Amino acid sequence: MKVVSGKFRGLNLKAVPSNNTRPTSAKVKEAVFSMLTPYLVDDGVALDLFAGTGSLGIEAVSRGYKTAYLVDKAYKAISTIKENVDKTRANDSFVVMKTAATEALTKFKDDQVKFDLVFLDPPYRMKITEQIIEDMVEEDLLNPGAIIVDETDYDIDLSNFSKIDLLKEKNYKDTKVALYQFGG
């Protein structure tokens, strides 16, 4: 697993030593960032809420984001994320948090942190994407124009969200990647 582009391009990242984590494949990661290219902002703040290896957040910082919050609740994932962040030699650009997604969202609200780019890749069995997006909108955690990248294996319904627009959607075998934009 490597960083695809930017200042960390070619950096080898470690995988989580577990069967409980499903890392985003290189093909899907490259496709995601290709889809994201017109929407990337310099000095933005990114969130990888189910970070696993941290590769998506690391890729965002590699491509110009100022900070990436990397959140996971599994000890092995956090250990791997810290090792991968250390490899970048840009530790100040990352905030690594060992906590559940809902607790992280509460902390972000309390700390008044807002995001320009959000990666959601929860374990497929959880089927919680809609709830997380709803919580992020209600808690005012998204900057106007923020992009949400959702990686799932099922169709999600965001028709109840007047401020969330589907930009793009692609299928890769059992993985569906959708880009949404928050209208603010």
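Read on for a plain summary of the structure. It should be emphasised that the depicted structure is a prediction, and the values quoted were computed from it without experimental measurement.

The rules we used
Residues numbered from 1 in each chain as written. Predicted model: local features only at pLDDT ≥ 70, side-chain atom pairs only at ≥ 80, totals over all residues. Heavy atoms only, no water. Pairing = 2+ DSSP bridges. Helix = DSSP H or I, 4+ residues; strand = E, 2+ residues; numbered from the N terminus. Axes fitted to C-alpha atoms, helices over the stretch in contact; angles between N-to-C directions. Contact = heavy atoms within 4.5 Å. Salt bridge = Lys/Arg side-chain N within 4 Å of Asp/Glu carboxyl O.

Another point: the sheet that holds strand β3 (residues 94-98). In space, the 7 strands of this open sheet follow the order β3-β2-β1-β4-β5-β7-β6, with mixed pairing throughout. Looking along the sheet, the strands with just one partner apiece sit at the ends: β3 and β6 (164-172). Between one strand axis and the next, the sheet turns by 15° as a mean value, whatever way the strands run.

Along the chain, Phe119 falls in strand β4 (residues 115-120). As a C-alpha pair, Phe119 and Glu151 span 32 residues in sequence and 8.0 Å in three-dimensional space. Not counting residues up to four positions away in its chain, the partners in contact with Phe119 are Val32, Phe33, Leu36, Leu47, Asp48, Leu49, Leu56, Gly57, Ala60 and Val149.

This next bit is on the pattern of salt bridges. Using the criterion set out here, one finds 6 salt bridges in the structure. Measuring nitrogen to oxygen at the nearest pair gives 3.0 Å for the salt bridge that ties Lys109 to Glu139. Of the two residues, Lys109 sits in helix α4 (residues 101-111) while Glu139 sits in the loop between α5 (129-138) and β5 (142-152), which places them 30 residues apart along the sequence.

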